[in-house]
Structure formats: C-alpha cells, structure tokens
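# Structure assessment
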Amino acid sequence: MTQTRRQFIKKSLSLGGAFLSSSLVMLKPLLAQTETSWPISKFAHLTYQIALKRITGGQPLIPSKDITLSIPRIAENGALIPFTVSSTLEMAESVFILVKNNPVPLIARFTLSPHVNTQLSARLKMAETSDVVSIVLANGHYYYTDKTVKVTLGGCGG
Amino acid sequence: MSSIKIRTKRQPGTTQIRTLIAHPMETGLNTDSKTKKTIAAHFIQQLTVRHNDTIILTTDLASGISRNPYFSFEMKGGEPGDKITIQWTDNQGNSDSQDTLIQ
C-alpha cells in the first residue's frame, strides 16, 4: 500500500459523505410518515403567518358569525386559560386553535367525524397578550373568528 | 392508576364527554430553577376518542395545551352502556388508554 496520509483522509471523507447522503435519503420517507400521523411542520416554532399558510395552504380565511369562541377577555394566569369553540357550520371537518404571539402558534387541531358536534372545550397556555383565533374547516373553506386575550402573567416561562 | 379520567353525561340527543389527563405538557422552553438546565419537551401529541371502537374524534396537540389537560366533547346520540375509549400518545413514545361506559 503506497497510500499517503493525505490520500487516506481524502478517501475516508468522501466515503463518509456518501454514507451521510444515503442515510438522509433513507430518513426522508420516515419523516414523511410522521407528517401524516402528527403534523410536525404545522406545530413548529413559526410565526403566525407561516403557521397559518401551512394550515390553509394559502386559502383565504372567511370571517364567520357561526363560530363562537368563548374565552376570558383578561387572564390572570397565562398557563391555564379555558376556552370553548362551538359552531353551527354544517359539515365541519376540522377545528384549529391558534394563539398569534405564542412560540408555537398552533395549539390544537381537532379532526371531527360526523358523530360529534362542533362543541369543544380545552385549556391552553399563552406567553403574552395575544389574539386567539379559531378556524373551522367546513365544505373546503376556512372560516374563522378571533378574540383578544389580555394576559397579566405569562404561561410559558415556568 | 390510569392517567385518564372520563366523565360522561347524557343530554337530550347528545352525550357530553369530559376528560382530565395527568400529564406535564412541557414545552421544552422552560429551565429548571435549581439545575438551570432546559426541561425536555414532553407533551401529548395525539388524543383519540372512540365510541364502541369507532373513532369519532382525533386531536393533534402541541405544548400549547395546559398542564394536566382537560377536554370536553359533544357526541351525537349515545345510549347507556355504550363504550367510550380515550387514548393518548406523547412525543416521548408513552401512551395510555382508558374506557368507560355511558351511564
């Protein structure tokens, strides 16, 4: 073997690179799979505008009076804010809850079957005073209603 | 002890399902006040509600839901003795499931 040290390093680097790229290719379908089970791209640390775009796919949001979002106007503790979304829209498929100023704006996505009414309650966290937006997907259109919640003590800072 | 508590209440034409789950729902952004280390994200990602083994509702969640999450849903119909199953999985691979019969 008349291999210099320099040649050896060159070779091993290129081999390593090839291995890395092949493993990345293998990783891709794995990532795609998790996308369908839990929408990681929608739950990432994003700005509200980008998160919204990933949800609606660029479709416009239609303001609707048929969605009721009940949430306190002023919350003393941002770690625990109860909310209820109800809607009389027919054929509702999904309900999204977003908090505009949270590090992860999307709070939850409820996928409804025809066996349930659009009447959902849960409790969410808010980092600071922000608009809370509830979006209902019905008949292929995104309807929304929003409310501002004033937070006197943030809920994401422990 | 299961981490899930379920209460059902029959109303005219509908059944209200309420659930309380014991879970820390850590965002991954908080630091431990003693060790100054970041607390790893630990939150429920998916919650499934079944009525007699038919999925009636699935929920994708993130850390924006409060600690020890509470949910309330409204199901159409529902007879006494029907089975309601609630199951969750979190981002660390844990899961739990609990079923109850409508009163």
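Reading the values: rules and limits
Residues numbered from 1 in each chain as written. Chains lettered and ligands numbered in written order. Predicted model: local features only at pLDDT ≥ 70, side-chain atom pairs only at ≥ 80, totals over all residues. Heavy atoms only, no water. Helix = DSSP H or I, 4+ residues; strand = E, 2+ residues; numbered from the N terminus. Buried < 20%, exposed > 50% of the residue type's maximum accessible area, 1.4 Å probe, protein only. Contact = heavy atoms within 4.5 Å. Areas by Shrake-Rupley, 256 points an atom, 1.4 Å probe, with all protein chains shown as cover. pLDDT = per-residue confidence, 0-100. Core = buried A, V, L, I, M, F, W, Y, C linked by side-chain atoms within 4.5 Å. Pairing = 2+ DSSP bridges. Axes fitted to C-alpha atoms, helices over the stretch in contact; angles between N-to-C directions. Buried area = accessible area lost by both parts, 1.4 Å probe. Salt bridge = Lys/Arg side-chain N within 4 Å of Asp/Glu carboxyl O. Polar contact = N/O pair within 3.5 Å; in protein donor to acceptor, adjacent residues only side chain to side chain.

A word on the overall build of chain A. In terms of helices and strands, chain A carries 2 helices and 9 strands. When the helices and strands of chain A are placed in sequence order, the string is α-α-β-β-β-β-β-β-β-β-β. The buried share of chain A, taken over its 158 residues, is 41%. In chain A, 64% of the contacts between residues at least 6 apart in sequence involve partners at least 24 apart. For chain A, the accessible surface area stands at approximately 9,300 Å², while carbon and sulfur atoms represent 60% of it.

With that out of the way, let us pick up the confidence of the model for chain A. Averaged over chain A, the pLDDT score is 82; the fraction of residues at 70 or greater is 77%. Across residues 27-36 of chain A the pLDDT falls below 50, and counting only partners more than four positions away or on other chains, this stretch makes 2 contacts in the model.

Formed by 61 residues in total, the largest nonpolar core has its most connected members in Ile97 and Phe110 of chain A together with Leu57 of chain B. Beyond its immediate chain neighbours, meaning those up to four positions away, phenylalanine 110 of chain A contacts Glu93, Ser94, Val95, Ile97 and Leu120 of chain A together with Leu57, Thr58, Thr59, Phe71 and Phe73 of chain B.

With respect to the secondary-structure elements, threonine 88 of chain A resides in the loop between β4 (81-87) and β5 (92-99). C-alpha separation for the pair threonine 88 of chain A and asparagine 117 of chain A, spaced 29 residues apart in sequence, amounts to 8.7 Å.

Let us now look at the sheet that holds strand β7 (residues 116-124) of chain A. One open sheet holds the 6 strands; their spatial order is β2(A)-β4(A)-β7(A)-β5(B)-β2(B)-β1(B), and the pairing between them is antiparallel. The open sheet is flanked by β2 (67-70) of chain A together with β1 (4-11) of chain B, the only strands paired with a single partner. The sheet shows a mean angle of 15° between the axes of neighbouring strands, taken without regard to direction. One ladder, built from 7 bridges, connects strand β2 (residues 14-21) of chain B with strand β5 (residues 70-76) of chain B; its direction is antiparallel. Among the inter-strand pairings, arginine 18 of chain B is bridged to a residue of β5 of chain B, identified as serine 72 of chain B.

As a further point, take the interface of chain B and chain A. Each partner contributes residues to the interface: chain B has 31 residues there, and chain A has 32 residues. Contact between chain B and chain A buries roughly 2,600 Å² in total, counting both sides, with carbon and sulfur atoms accounting for 52%. Scanning the region where chain B abuts chain A turns up 1 salt bridge. Note that aspartate 60 of chain B is salt-bridged to arginine 109 of chain A, the shortest N-O span being 2.6 Å.

Here we take up the pattern of salt bridges. Residue and element names in this part refer to chain A. Evaluated as defined, the whole model comprises 3 salt bridges over all chains. Across the salt bridge formed by lysine 100 and aspartate 131, the nearest N and O atoms sit 3.5 Å from each other. Within this pair, whereas lysine 100 is found in the loop between β5 and β6 (106-112), its partner aspartate 131 is found in strand β8 (residues 130-138), the two being separated by 31 residues in sequence.

This part covers the side chain of serine 87 of chain A. Residue and element names in this part refer to chain A. On the secondary structure map, serine 87 appears in strand β4. In this structure the side chain of serine 87 is engaged in a polar contact, spanning 3.0 Å, whose partner is the backbone nitrogen of leucine 89. Excluding anything up to four places from it in sequence, serine 87 contacts Asp66, Ile67, Thr118 and Val136.

Another aspect to go through is the environment of leucine 46 of chain A. All names here are of chain A. Mapping leucine 46 onto the fold places it in the loop between α1 (5-37) and α2 (48-56). Measuring from C-alpha to C-alpha, the distance between leucine 46 and asparagine 101 comes to 10.0 Å, with 55 residues separating the pair along the chain. For leucine 46, the residues in contact, after removing those within four places along its chain, are Ser41, Ala51, Arg54, Pro103 and Pro105.

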